[in-house]
Amino acid sequence: MSGLCGVIALKEGVDVVALNRRLMDGLRHRGPDGLQEWNGKGAAIGFLALHVRRGDPPVRQPLRLSDGRICVADAHIGDPARLLAALDWPAGQPPPDDARCIALALERWGVDFWRYVDGDYAVALWDPARRDLLLVRDRIGVRPMFHVRTSDLFAFSSEGGPLWGLPGVGGAIEDATVAEVWSQRIISPAAWRDRPGTVGVLPAAHRLETGAQGVPRVSRFWTLAPPAPLRLRGEEAYVEAFR
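Residues numbered from 1 in each chain as written. Predicted model: local features only at pLDDT ≥ 70, side-chain atom pairs only at ≥ 80, totals over all residues. Heavy atoms only, no water.

Undergrad: How would you explain the side chain of arginine 139 if you had to name every residue and give the values?
TA: Looking at where arginine 139 falls in the secondary structure, it is placed in the loop between strand E7 (132-137) and strand E8 (146-149). Of the polar contacts made by the side chain of arginine 139, one reaches the backbone oxygen of tryptophan 114; its length is 2.8 Å. (Helix = DSSP H or I, 4+ residues; strand = E, 2+ residues; numbered from the N terminus. Polar contact = N/O pair within 3.5 Å; in protein donor to acceptor, adjacent residues only side chain to side chain.)

What follows is the structure, given as structure tokens:
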């Protein structure tokens, strides 16, 4: 998996570029195929590329959307043909890479993009004009996303370890983070609490929005619905239904 990270300043005087590069150093093993960054006013975002297949074309991230928002994604699209059809991608034109597909889906459908994307992903979308950050994690939580807030900054990373090296971040870790790491289960949002200086994990099938003040709001966007019980009259009926 590739890596992504970012630092958003909540006060004047925060050297977001230096702090984000510190995160990127901690994630360097995720980027053997290149490190890239975007730096803006009070915000810095990094991407560390890992090519899954030899000969893959270079991945250029972070991406700038048509409205100026900045997108970075660690993603694998499971059914790109279906997504490109929904996006009205011109036939015969070379398909975009997975991260660009995510960016196009965000432009088209906003926070509801997940309804059209089959695959696993961790996505960060920064709006410089509104100073609003959106983090999204796929339904099952294959791609990780950690975050932390202090009085001076909000930061996110593909791994929790680098976040502990930021100023104002203590050694504590959210109980929900520990539970997810050990159980690999989808954590209920009720288990998550925003504690400044404490590293947390974005649960699977959840999104996080900060707003200009950097206070995270976490919400679930998808829930696994169990199928209705199948009740038939006998063993032969079950065998026939299975066929």
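Undergrad: Give a description of the sheet that holds strand E12 (residues 217-220) that names residues and reports values.
TA: If you trace the six strands from one edge of the open sheet to the other, you get E4-E5-E6-E7-E11-E12, paired in antiparallel fashion. Edge strands, defined here as strands with exactly one partner in the open sheet, are strand E4 (63-64) and E12. Bridge count for strand E6 (residues 119-127) against E7 is six bridges, and the pairing is antiparallel. The residue of E7 that forms the bridge with aspartate 127 is aspartate 132. The sheet contacts of helix H3 (residues 98-109) involve E4, strand E5 (70-77), E6 and E7, and relative to E5 the element is tilted by about 120°. (Pairing = 2+ DSSP bridges. Contact = heavy atoms within 4.5 Å. Axes fitted to C-alpha atoms, helices over the stretch in contact; angles between N-to-C directions.)

Undergrad: Help me get a handle on the pattern of salt bridges, residues and values and all.
TA: Evaluated as defined, the whole model comprises ten salt bridges. With a closest N to O distance of 2.8 Å, aspartate 74 and arginine 143 form a salt bridge. Here aspartate 74, found in strand E5, pairs with arginine 143, found in the loop between E7 and E8; they are 69 residues apart in sequence, far enough to count as distant. Under the relative-accessibility criterion, aspartate 74 is labelled buried at 3%. Arginine 143 sits in the buried class, given a relative accessible area of 11%. (Salt bridge = Lys/Arg side-chain N within 4 Å of Asp/Glu carboxyl O. Buried < 20%, exposed > 50% of the residue type's maximum accessible area, 1.4 Å probe, protein only.)

Undergrad: Explain unusual backbone geometry residue by residue, including any values.
TA: The linkage connecting glutamine 61 with the following residue, proline 62, adopts the cis geometry, with an omega of -5°. Its place among the elements puts proline 62 in the loop between strand E3 (43-48) and E4.

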